[in-house]
Structures are given as structure tokens and as C-alpha cells.
Amino acid sequence: MLKSKTFLKKTRAGGVMKIVREHYLRDDIGCGAPGCATCGGAHEGPALEPQPQDPASSLCPQPHYLLPDTNVLLHQIDVLEDPAIRNVIVLQTVLQEVRNRSAPVYKRIRDVTNNQEKHFYTFTNEHHRETYVEQEQGENANDRNDRAIRVAAKWYNEHLKKMSADNQLQVIFITNDRKNKEKAIEEGIPAFTCEEYVKSLTANPELIDRLACLSEEENEIESGKIIFSEHLPLSKLQQGIKSGTYLQGTFRASRENYLEATVWIHGDNEENKEVILQGLKHLNRAIHEDIVAVELLAKSQWVAPSSVVLHDEGQNEEDVEKEEERERMLKTAVSEKMLKPTGRVVGIIKRNWRPYCGMLSKSDIKESRRHLFTPADKRIPRIRIETRQASTLEGRRIIVAIDGWPRNSRYPNGHFVRNLGDVGEKETETEVLLLEHDVPHQPFSQAVLSFLPKMPWSITEKDMKNREDLRHLCICSVDPPGCTDIDDALHCRELENGNLEVGVHIADVSHFIRPGNALDQESARRGTTVYLCEKRIDMVPELLSSNLCSLKCDVDRLAFSCIWEMNHNAEILKTKFTKSVINSKASLTYAEAQLRIDSANMNDDITTSLRGLNKLAKILKKGRIEKGALTLSSPEVRFHMDSETHDPIDLQTKELRETNSMVEEFMLLANISVAKKIHEEFSEHALLRKHPAPPPSNYEILVKAARSRNLEIKTDTAKSLAESLDRAESPTFPYLNTLLRILATRCMMQAVYFCSGMDNDFYHYGLASPIYTHFTSPIRRYADVIVHRLLAVAVGADCTYPELTDKHKLADICKNLNFRHKMAQYAQRASVAFHTQIPSLKIEDTVFHVFDKVKVKIMLDSSNLQHQKIRMSLVEPQIPGISIPTDTSNMDLNGPKKKKMKLGK
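Residues numbered from 1 in each chain as written. Predicted model: local features only at pLDDT ≥ 70, side-chain atom pairs only at ≥ 80, totals over all residues. Heavy atoms only, no water.

A.B. asks: Could you give me a rundown of the overall build of the chain, with the residues and numbers involved?
C.D. replies: Scanning the chain for helices and strands turns up 23 helices and 34 strands. As presented, the chain carries roughly 45,400 Å² of accessible surface, and 49% of it is formed by carbon and sulfur atoms. (Helix = DSSP H or I, 4+ residues; strand = E, 2+ residues; numbered from the N terminus. Areas by Shrake-Rupley, 256 points an atom, 1.4 Å probe, with all protein chains shown as cover.)

A.B. asks: With reference to specific residues and values, describe the nonpolar core.
C.D. replies: Residues L544, W564, L610, M662, F666, L687 and F775 are the most contacted members of the largest nonpolar core, which totals 86 residues. Dropping the residues within four chain positions of it, L544 is found in contact with L452, P453, F512, I513, L519, C549 and S550. By size, the runner-up hydrophobic cluster in this structure holds 54 residues, among which are C31, A84, A153 and F173. (Core = buried A, V, L, I, M, F, W, Y, C linked by side-chain atoms within 4.5 Å. Buried < 20%, exposed > 50% of the residue type's maximum accessible area, 1.4 Å probe, protein only. Contact = heavy atoms within 4.5 Å.)

A.B. asks: Run through the sheet that holds strand 10 (residues 274–278), naming residues and quoting values.
C.D. replies: Ordered in space as 10-9-8-11-12, the five strands form an open sheet in which the pairing is antiparallel. Two strands bound the open sheet, and with one partner strand each, they are strand 10 and strand 12 (343–350). For this sheet the average axis-to-axis angle between neighbouring strands, irrespective of direction, equals 40°. In this sheet, strand 12 lies alongside strand 11 (residues 291–296) in antiparallel orientation, the contact comprising six bridges. Directly across from V294, in strand 12, lies its bridge partner V345. Sheet contacts for helix 8 (residues 234–243): strand 8 (247–253), strand 11 and strand 12; angle to strand 12, the most-contacted strand, approximately 120°. (Pairing = 2+ DSSP bridges. Axes fitted to C-alpha atoms, helices over the stretch in contact; angles between N-to-C directions.)

A.B. asks: An account of the pairing of strand 19 (residues 476–479) is needed here, citing residue identities and associated values.
C.D. replies: Burial along strand 19 is two-sided: the residues C476 and V478 and S477 and D479 are all buried. Relative to strand 26 (residues 586–589), strand 19 runs parallel, the two sharing four bridges. Bridged to C476 within strand 26 is A586.

A.B. asks: If you had to explain the packing of aromatic side chains to someone new, which residues and values would you point to?
C.D. replies: Following the criterion strictly, the structure yields eight aromatic pairs and no others. Ring plane angle 10° and centroid distance 5.3 Å describe the contact between F123 and W155, whose orientation is recorded as stacked. Of this pair, F123 sits in strand 5 (residues 120–123) while W155 sits in helix 5 (residues 141–161), placing them 32 residues apart in sequence. Here F123 matches W155 in class, with each residue buried. (Phe/Tyr/Trp six-rings, centres within 6.5 Å; stacked < 30°, edge-to-face > 60°.)

A.B. asks: Describe the pattern of salt bridges, with residues and values.
C.D. replies: Following the criterion strictly, the structure yields 50 salt bridges and no others. Among the salt bridges present, the one from D556 reaches R471, with a minimum N-O distance of 2.8 Å. Here R471 lies in the loop between strand 18 (468–469) and strand 19 and D556 lies in strand 24 (residues 556–566), a separation of 85 residues in the sequence. Overall, R471 belongs to the partly exposed group, its relative accessible area being 29%. For D604, the salt bridge is made with R596, and the minimal N-O distance between the two is 3.0 Å. Residue D604 is classed as partly exposed on the basis of its relative accessible area, which comes to 31%. The network of salt bridges with shared partners includes R354, D377, R379 and E436. (Salt bridge = Lys/Arg side-chain N within 4 Å of Asp/Glu carboxyl O.)

A.B. asks: How would you explain the environment of A693 if you had to name every residue and give the values?
C.D. replies: Relative to the helices and strands, A693 is located in the loop between strand 29 (687–690) and helix 19 (700–707). Placed 25 residues apart in sequence, A693 and A718 show a C-alpha to C-alpha distance of 8.2 Å. Residue contacts for A693: discarding those within four places in its chain leaves M749 and Y765.

A.B. asks: Tell me what's going on with the pairing of strand 6 (residues 170–174), and back it up with residues and numbers.
C.D. replies: Most of strand 6 sits inside the fold, with four of its five residues counted as buried. Relative to strand 6, strand 3 (residues 64–68) runs parallel, the two being bridged by five bridges. Residue pairing in the sheet places L67 in a bridge with F173 of strand 6. Examined bridge by bridge, strand 6 and strand 7 (residues 191–192) share two bridges and lie parallel to one another. Bridging across to strand 7, I174 finds its partner in F192. A crossover connection joins strand 6 to the parallel strand 7 through helix 6 (residues 178–186); in handedness this β-α-β unit is right-handed. (Right-handed = clockwise from strand over helix to strand, strands pointing away.)

A.B. asks: Which residues make up the side chain of E522, and what are the values?
C.D. replies: Topologically, E522 is positioned in helix 14 (residues 518–526). Residue classification places E522 among the buried residues on the basis of a relative accessible area of 12%. Polar side-chain contacts of E522 include one of 3.1 Å to the side chain of R525. In this structure, E522 is in contact with F444 and V448, ignoring residues within four places of it in sequence. (Polar contact = N/O pair within 3.5 Å; in protein donor to acceptor, adjacent residues only side chain to side chain.)

This is how it looks when you write it as C-alpha cells:
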């Protein structure tokens, strides 16, 4: 059956356009119940169980399926994900509404419906002849959708009765909308609120803890006084932002002071780019990363950023008077120059809440069900939850979700989601680390794995189309020890004309990951491989990362090759890009490659190739440094793991050899060459990488540190910075130069991916290169996969597709990649910190110049299980009231000391 859907749409010019769309109705859509004689059991995807037995409900003891409305899906997803909840009918109407309102929940519900064990069935009610409903005159879209859901629920109950005479199967409508529930009952549909149904599951009392508190008013603290001002509605906020009364920006809570935050203002307003917020009432229930509207205060009320470290450690959530006393501590006498634009939050434009990891702070009141949850991330406020499992959850890492924040509550309301395990356990802490940095780490789904090549795999004649056979070349790879995801390999040989041919060969990952399929979508979502101390979270499944795409020796592998003809001065005469097939002759570590280069007795083809590469790399590096490229150190830690327990048994800083630099130089050269090529071919659609120059203020810490040793660091250009770092040597302190370079890395801006058609500034400050991209690591970076696709089209080795030349979609991909790379970097640092427990040192009231040598006693303070700290007690030099005696064998960490050293990560 064909229906016409008509609606009016406003044009950009201000006119109104009538749009008519055809809407097909079918009568062959299955109900999802196996064995249904009426529809022949026809269904797509996972089906419902024929006779659902669990969960046992005191409200509806007979076998039943659940049919939730949109708000239940949006707000009670934690309940629906629980293993106890099965046999759920998800209507097309509901799924479409969820998709429009919350992408994260939509992704979670799609994952649940793909889980065969959950028996969730998606019913396309909008195309079923008997369940489709048209919008009536005067009926809004929301009411029409509510009616469509009730019509589908009623149809299901009538339909299931036809299965057999003694069939007792029911469909239970779950809704938290009081009016919708009343109408459903009037129409003869069994209906309950989510809370009523969950509380009826007597065998699963733990599910009650996972219920979201939906109404802020209903969950206000009894007799609590109003603490916060009301948030303005979105319409008023939009008007205020348009008129300039309010500013829109991202709320960034302070890690060190729970009563202070900044709002990074969106747009080009340079004068008030960052606004300070101080005090509970001015923060007004905003949470880290929320998009908020702020009102600037009068200049007479502006404040300076506080130097006070203040953590919220109170148990009494209603003791607001103490907060006001603490707020007065923040306001110290400062000069007018230190005052910054100051404001207050007047409304929330978009909440960016996520599930939070942390620990339960059990209430002191015996038998209380209401407790405070302390997140691991200090930027997130404590969350009030109700749970009957407090004794079980104490001392364990748990996940909690926020539901709302009433005006008369010191803390937001939330609900328990999941128990992760005991504090301090390696598996638990790793899970917390991944969740807190939003690293996708679940096993790859069957939908993703279905797009992998079938094994055994071999190169076919079809694979060789538009591909050069380079298996005769003496190619080898050079990587860290234990590397299994080998992205790149190299070769160097002398040509008959006396010039040199140098090749960089990169794994052809884009051959296996085709645009738009589930494997491609998951790789794009993950964005990067994440390397932790004891494990690796792959961007692509292991069959590709450690096998078919890894350029191991003595096996044929597909590659994308960048080949230069150079003279002996490393000047490029010709450049060629080609898809290829290679057979690496050796997989070497940096140390093994260095031994070959340095050995007087080795002159085989591989060693000759390596020596040629090393000689050219030194010339290339010298040329880069002369142009102003920076050579900075970063302390990279490698752990030696126990082969059986996988516990770290030793650690060392990464040792850099000539061969590290050799590989780096040719990877940089390949990336620059490819960047030029794809920008020539796709001036508006090239995926590039830039590194902005830091503002002068970023260098203050570096300049001051060098000045403490009577050294001058110039920062006006990258070249002058590089040259002054080269000169910054101390005969009595050989490690000083490395420390200054490490410090310089902390002054740098973040390098970012961008679309060439959306930006004018391409310059890479750190490399002193006018253009740059990432081509050399497609196994572990999705950016490189896109670059491979662009290059393949540019050289006629593959065909294009619409998204590849859509600069807005490419800009969205870049935004996700930048976020994923930043989170991967933070996760890696957190992993090192967890395994080494070595924070930085700051001593109150005592001035030590940077790089001064001290002797300290180091002790682990486990008094706070969630935030364990290394405590350092000063031994030398001796400072009265600070230092401890040289003989510290019997010294108690918590013994009598007048002043404490404060440590911060």
C-alpha cells in the first residue's frame, strides 16, 4: 500500500515549500515471535523467545514481552542493558526518536539489539499496514508518536492471541508518562512505569539501584532550602546569546579547586575568550564539559584565578554555610592586572554527562540507602545515589550515571550502573583508566568481524590490479622489540645512473577496510590504537593488526609505496607513489639494525641498504634542523613484563639510537611528500596535520627555568628556540639540556588533523614544514587510512566515494580523531603513572630553584584508596621544620611534622 506524507518546510529565502513523500506500507513484516502462524514467523535480525520465562514479575506473572516508549529508552538504558531484561520490542518510532535526541544512547540500544542473547526485536511499525498512524489535525508530533506506540502495543496483544487458543503471551507497555499510561490502560493495554515493573522483579532486587531518578522535583532533598538560581529556558538563552547579553562556551571545572571553573567562550570574541567562575552559586550546577550560557559580572566583581588548592571532602551535603566560608578564602588581595573576566552560569545549553568511575562514600547514618559517590575525576562533583548494596560496594570501583541536579541539592542525583572490581587490582584500574578517557575497548562485534578476509588468505590476481610487484627488492623493517603491528618497511639501493632509490613501504590497510562498512565505521570511531603499559587496544581486529597488514619478514604483503630517486646529498630528483606487493627480508629491532650498521664484518644486502638509509637520514635531519625544526625529548617509559603474570618487573626510559632517527626521518619525508600530492589533487578535501605556534605566554615556565641556571632561551621563532636549546648546556649538570627539552614539549600546542578546505594555516611548527599529513601508520591511525584512500584515487589505484570529497564530513572525522588521539595520549600517561606512582614535587613555603638536586625519602600513602599518592619527605638539604633526620629507618609518614610537602600530578 502506498501513502503520501505531506509537510511544509521553510526555505532560506523565507518562503514556504510543500514537500510530498511516498510512504510504503507492507503486510509482510514479522512480529518477531518464533512460531507465529499469523505472520509465518517472518522477522529480520535477532528474534524474541517463543516462551519467555524470566524475569519473574509479581505484577505480570504470565509470559510477556516488554514494549518501552522513547523516554524509557533514553533514560533507563542502564536497566535495559542488564542481563536480567530480555525479550524487548523496540519500535521503529521509538528508535527514530532516540536517534534524533541522543547519539550515544542510540549506539547503546543498537548494540543491545545486535546481542542475540538479549532477544531484543526491532519492529518497523511505521511501515506495517496495521500499525501505521497518520498525524491528525491539531495533533503535535509528540502526541502522534505516543499514539503510534500505543497502537503498536495494542496490535501486538491482539496479534499474539491469534497464535493459539491457550496462548497467554502478553506485551507489557512500559512508560513513565502518566497520561500515556492512563490512555494505554483505557485502551486495554497492560501498562506500568519502569519503576513499577523493576520493583516487581522480586528475583532481581539489584536492578532497583540502576533506575534513573527522572524528576528533579520529586527527588529534591526533603525540606532542603533553595541553593541555586533557576536555569533559564533554551529560548531565552538563545535570544540572550544573539543579543550579546550572554556568552556561550564550554564549562571546564578545575582539578585543584572544586569551587572554581573557567568557561572557554565559543566564537571569535578575543576580549573575553575565557571567563572565570568562582563559588558554588556562580557554577550553578554546571558539570565539566557541559555547554553553558554565562552572564559577565560587573568589572567591580571580577576576580583573579585562585592559587588555593581546595578539594571537596565533606560528608554533610547540606552544610552550605561552610561552602560560603571557603569561597571567602578564594578572594585574596591582588593587583588589578591579575583580574580576569568573571561570570556566572545562567543556563545549560547542552549536558555532556557520561557514566563516571569512582568509589562510594558510605553514609555515616546506619541503614541509610542514600550515599555519596566520589568520582575518580576530580573535576566531577560528588553524586548522590540510593543503593541497597552499600556494604558490598564499599572499597570497590563502581560506575554511576547522573540523572539530574535539583536546585535545593548540594550534589546531583544519580544511579548505580556497574561494579568494576576491587580498588588497586590491575584489571579494575585499567578498566577505570579506559572508561575515564573514553577509550572504546569492547571486543569487536560479529558485524565488524564479518568484513574480515576469510582464512587462509593469499594474494590473488585481482589484488595485483594497479599494483607493482616489488618482492625482489631488499626491503626490511626496523621497530621496537616485541612489535607485532609492523606498519612500515624501508629499502635503499644504488641505481645504474649512480643515484640512490629509497622506498618507504606502508601496510595497505585500506585494501582490507572498505568505505562505509561496519569494520570501517568501528575503525573510524576508535580513531587510534591505544598503547598502555601492559596491553594494547587495537584500532582494527588482530587478524589485520598483527597478521595480514603487519609487514613481517618472509611473507608476501600488500603495501602502498613512496619511492624517491635521490642523489647522494639526499636531494629528491623524482617521487613515485604506487600500490605494491612486497616481501620483507628482515624484521629488525632498532638495536639489531644499529649493530649491523656499526659492524665491520657485515656487508650483506640488508646491511648495505641500512647504511645507505642511515647516511641519507643524517643529511635530511641536518637540513630540517637548519630550517628550524625542533628536537625535543619526551620521557618515554618501557616496562618489562613478567611473561606469566604480566606484572611489571622492571622499567627503563626509552634509549634512542641512530636507527630510531633513521626511521623517523624517512617517515617524516614520506608524510610530507604524500601531503603535497594529496593537496595538489584535492585542494579542498585533503586530510592534513598542522602544529600551531605556541603563544609567548606558553614559554614562561621554560624561560624562567633556564634563567635559574643563568641560561637564555629565545622563543621568537622555532629556529631561535632550537638554537638556544642547543646552547643550553651545563658542565656540572649533563642532564639539564634533556630536562629543558622535556619542559619545552610541555609548552607546545597540540598538533591537530584538519581538512584543507576548512583552514588556511597548514604550517607544522615543530617540524618547520609548510605542509604535513599522516600516511605511515594506517594499522594504528584512522587518519592514515583516509590519506591512503585520497592518495590511491590521486594515482588511479582506487575509486573515490562521496564522503571522501565532502569537506564537512571530513572535518567531523578530524574532530573525532583529534579527540581520540588526545584521550589516547592521556590514557597512556595515566597508565605509566599507575604503574610507576611517580608524581611531580611541589613544596609549600619553601623556594627551590628548578633542577636543584635534593635527597628525599619516598613513601606510598594509601590512606585514600582512590587517589593513592607518593609522599616525599625532604632529607637534604636540611631545612628546619621541613626536613626529616638523615636516619629515617623508623620514621612514620604520619609522624609529627610541622609542615607537609604537597605533591601534585
